[in-house]
Every structure is written in C-alpha cells, then in structure tokens.
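# Structure assessment
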Amino acid sequence: MNKNEKFVITINRELGSGGRTIGRKLAERLGVEFFDKALIRAMEEKYNLTADEIEKLKGRKTHWWEDFTRVKRPGEHDIRHYESKFGLIPEKLTTENVFKAETEILEGIADEESCVVAGRCGFFVFRNHPNHLSILIQASMPFRVDRVVRKQEKTAAEARKLIDKVDKMRENYVAKFTGTSRYDTRNYNLVISADGKTEDEIVDTIMKYIGD
C-alpha cells in the first residue's frame, strides 16, 4: 500500500481484540476518516441511502457522490446513537438490500478520499482496489474476555457468552455476503494478535508495515 496515494485500509477484528479502537487511532495517525458500522448506518438512515435511492442518485449525475460527501458525516448525536445501538450488540443478519447500500457507500467514500474502514466485509468489498491494505486483529479468548469485562462491566461468564454470540453472528454475516470465512487469513495482508500489546503498539506495527 502506498500512503502517498489515495488508499483504503480495512480492519476485520474479533470482539474484545481492540480492533475498532486500533482502526480509529490508525486513521488519526494517518490523518484520514474512520468509518465503522455505527457511522455507516447513521449515514444510511439520516440521508435515506437505501440501495434504490443510491441507484437513483447515480442515474441522475455522473459524479453523484460529490454532492453527498459535502454533508456525509452525521452529527455527533446521530453517531452516538448508532454506536450505542450497533456497537457491540448482536443484530439480525443484514439484508441483501442493506449490504448493497453499505457497499455503495463505502466504495463512494474510497473513490473520493483515503480512509480506514472497520468491519462491513471491507476486505471483500475492496478486494480489487488498487491501493488496499487488509488487516485482521485477533486475540486469545482470555484477552478478549478480560477486555469485554472491563469495557462493558460484565461478568466473565456474560462476556464469554457475548463473544460467542458475536463471533457466530459475524461469521454468518461474512459467509452470507462473501462466500468465505472471516478467519481465512488469505483475505488479509496483515494478521496481528493483540495479546501482550497496547493499541498504540499495534498502530506502530501497522505504520511500520506501511512504511514511509
């Protein structure tokens, strides 16, 4: 990946690995925008960006995305709402229509600017992007349980139950829309274990991998 040209970095992560925070910090370090499920959903609902609406926009104007990017980021209230709603709580599998809309949004963003994307099958959506770095952040179960206990004030048993539920939900989501497994390391350029490392140390590792 060449960070001196327009790029997209996608981060797939296990719940409790710290991957979302790592993605946000990486985006800050690189001076680009960070997008995750909560923000994409807020964009969809705030601007009524269904797959059908996006198709209508694309049909009206060749550079339809330019108009949207002027107002693309919802307000902090909207983002907080969707972070709470979709941040760590398992949800029903996304419909094909919503997945298509999310894909169109992500591709439109990447066409306009460099960015870091967490989740949303980014490794698959951008598999043919000419300047794409795909990363997987993993961690051992004890590490993941401990982090969820601390972050969400749950018991160890509750944390493990949540992790198992989210793992299954995310694997089903990826399998449904990509035909592959999120655990297949062939989908990634870089696989990092969070065990024994701080979030900033992992960001340092990624920056070294990218290079100057």
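Let me begin by describing the structure that accompanies this report. (Residues numbered from 1 in each chain as written. Predicted model: local features only at pLDDT ≥ 70, side-chain atom pairs only at ≥ 80, totals over all residues. Heavy atoms only, no water.)

### Remarks on the pairing of strand E3 (residues 115-118)
Definition in use: Residue burial is assigned from relative accessible area. The probe radius is 1.4 Å, only protein chains are included, and a residue is buried under 20% of its type maximum, exposed over 50%, and partly exposed in between. In this description a helix means any DSSP run of H or I spanning at least four residues, a strand means any run of E spanning at least two, and both kinds are numbered starting from the N terminus. Whether two strands pair comes down to DSSP finding at least two bridges between them.
Burial of the side chains of E3 extends over both faces: Cys115 and Val117 are buried on one face and Val116 and Ala118 on the other. Alignment of strand E1 (residues 8-13) against E3, held across four bridges, turns out to be parallel. In the strand pairing of E3, Thr10 is matched with Val117. Note that strand E2 (residues 33-35) and E3 share three bridges and pair parallel. Among the inter-strand pairings, Phe34 is bridged to a residue of E3, identified as Val116.

### Thoughts on helix H6 (residues 96-112)
The cut-off we apply is this: The span one expects for a helix is its residue count, reduced by one, times 1.5 Å.
With 17 residues, H6 should cover 24 Å at 1.5 Å per step; its first-to-last C-alpha distance of 25 Å lies within 8% of that length. Among the residues of H6, those classed as buried are Phe99, Ala101, Glu102, Thr103, Glu104, Ile105, Leu106, Gly108, Ile109 and Ala110.

### Examining unusual backbone geometry
Even without being glycine, Glu153 reaches a positive phi, approximately 55°. With respect to the helices and strands, Glu153 occurs in the loop between helix H8 (141-152) and helix H9 (156-178). When its relative accessible area of 75% is taken as the criterion, Glu153 is described as exposed.

### A word on the pattern of salt bridges
Going by this rule: For this analysis, a salt bridge means a side-chain nitrogen from Lys or Arg found within 4 Å of a carboxyl oxygen belonging to Asp or Glu.
All chains considered together, the criterion is met by twelve salt bridges. Note that Arg150 and Asp146 form a salt bridge whose closest N and O atoms lie 3.0 Å from each other. Of the two residues, Arg150 and Asp146 are both situated in helix H8; the distance of four residues between them amounts to about one turn of the helix. Of the charged contacts, one joins Arg160 and Asp164 as a salt bridge, the two residues approaching to 3.1 Å between their closest N and O atoms. Of the two residues, Arg160 and Asp164 are both situated in helix H9; the distance of four residues between them amounts to about one turn of the helix. Here the residues in one salt-bridge network are Glu14, Arg144, Asp167 and Arg182, joined through shared partners.

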